[in-house]
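Here's the letter readout for the chains.
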Amino acid sequence: MRWKLFADLAEAAGGREPEVDDDAETVGDALDALLEAHPGLADRVLTDDGELREHINLLRNGDPVGDDALDEPVGDGDELALFPPVSGG
């Protein structure tokens, strides 16, 4: 399993593909491991209640994952990604 981060989330973690040593079984476990390895991300990604912020997009293999799907299994070949809100013109 590997992570990809974009925009200010990549800056907060020190890179676009941060290393996270973890044997996560679920998407939620993997997110917890990422935030533990890079604590500067927590305030940007989670609410005070520990929920994923509405404006943060979490993807697993290119498919959106919401709070209700954090219990989905994650495997060695999976790619997880976090996107902050993006705008432009």
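All of these numbers come straight from a predicted model, not from anything done at the bench.

Draft legend 1. The arrangement of the overall build of the protein in detail. Along the protein, the regular secondary structure elements total three helices and four strands. Secondary structure elements of the protein occur, N-terminal to C-terminal, as β-α-α-α-β-β-β. On C-alpha atoms alone, the protein measures out to a radius of gyration of 12 Å, which is about the 12 Å that the 2.2 N^0.38 rule sets for 89 residues. Reported as C-alpha extents along the three principal axes, the dimensions of the protein are approximately 35 × 25 × 25 Å. The buried share of the protein, reckoned over its 89 residues, is 38%. Sequence separation of 24 or more characterises 55% of the internal contacts of the protein that already satisfy a separation of 6 or more. Counting 6 positive and 24 negative side-chain charges, the protein places the centres of these two groups 9 Å from one another.

Draft legend 2. Spotlight on the sheet that holds strand β3 (residues 63-65). One open sheet accounts for four strands, arranged β1-β4-β2-β3; its pairing is mixed. Only two strands of the sheet have a single partner each, and these edge strands are β1 (2-5) and β3. Averaged over neighbouring strand pairs, the angle between their axes works out to 30° when direction is ignored. The pairing of strand β2 (residues 57-60) with β3 spans three bridges and is antiparallel. Paired with Arg-60 across the bridge in β3 is Asp-63.

Draft legend 3. Looking closely at the side chain of Asp-78. On the secondary structure map, Asp-78 appears in the loop between β3 and β4 (79-83). Take Asp-78: its relative accessible area is 11%, and that puts it in the buried class. Here Arg-60 takes part through its side chain, which lies 3.3 Å from a polar atom of the side chain of Asp-78. Polar contacts involving the side chain of Asp-78 include one to the main-chain amide nitrogen of Gly-75, which spans 2.7 Å.

Draft legend 4. Layout of the pattern of salt bridges. As enumerated under the stated definition, the model contains six salt bridges in all. Note that Lys-4 and Glu-79 form a salt bridge whose closest N and O atoms lie 3.6 Å from each other. A residue pair is termed long-range when its members are at least 10 positions apart, and Lys-4 in strand β1 and Glu-79 in strand β4 qualify at 75 residues. Among the charged side chains, a salt-bridge network with shared partners connects Arg-2, Lys-4, Glu-17 and Glu-79.

Draft legend 5. Examining the nonpolar core more closely. In this structure, Trp-3, Leu-5, Leu-31, Val-45 and Leu-82 are the most contacted members of the largest nonpolar core, which totals 25 residues. Among the elements of the structure, β1, α1 (8-13), α2 (27-37) and β4 are those that each provide at least two residues to this core. Once residues within four sequence positions are removed from consideration, Leu-31 is found in contact with Trp-3, Val-45, Leu-46, Leu-52 and Leu-82.

Quick notes on the rules
- Residues numbered from 1 in each chain as written.
- Predicted model: local features only at pLDDT ≥ 70, side-chain atom pairs only at ≥ 80, totals over all residues.
- Heavy atoms only, no water.
- Helix = DSSP H or I, 4+ residues; strand = E, 2+ residues; numbered from the N terminus.
- Rg over C-alpha atoms; globule rule 2.2 N^0.38 Å.
- Buried < 20%, exposed > 50% of the residue type's maximum accessible area, 1.4 Å probe, protein only.
- Contact = heavy atoms within 4.5 Å.
- Lys, Arg positive; Asp, Glu negative; His and termini not counted.
- Charge placed at Lys NZ, Arg CZ, Asp CG, Glu CD.
- Pairing = 2+ DSSP bridges.
- Axes fitted to C-alpha atoms, helices over the stretch in contact; angles between N-to-C directions.
- Polar contact = N/O pair within 3.5 Å; in protein donor to acceptor, adjacent residues only side chain to side chain.
- Salt bridge = Lys/Arg side-chain N within 4 Å of Asp/Glu carboxyl O.
- Core = buried A, V, L, I, M, F, W, Y, C linked by side-chain atoms within 4.5 Å.

Function-wise, these values are silent; they only describe arrangement.
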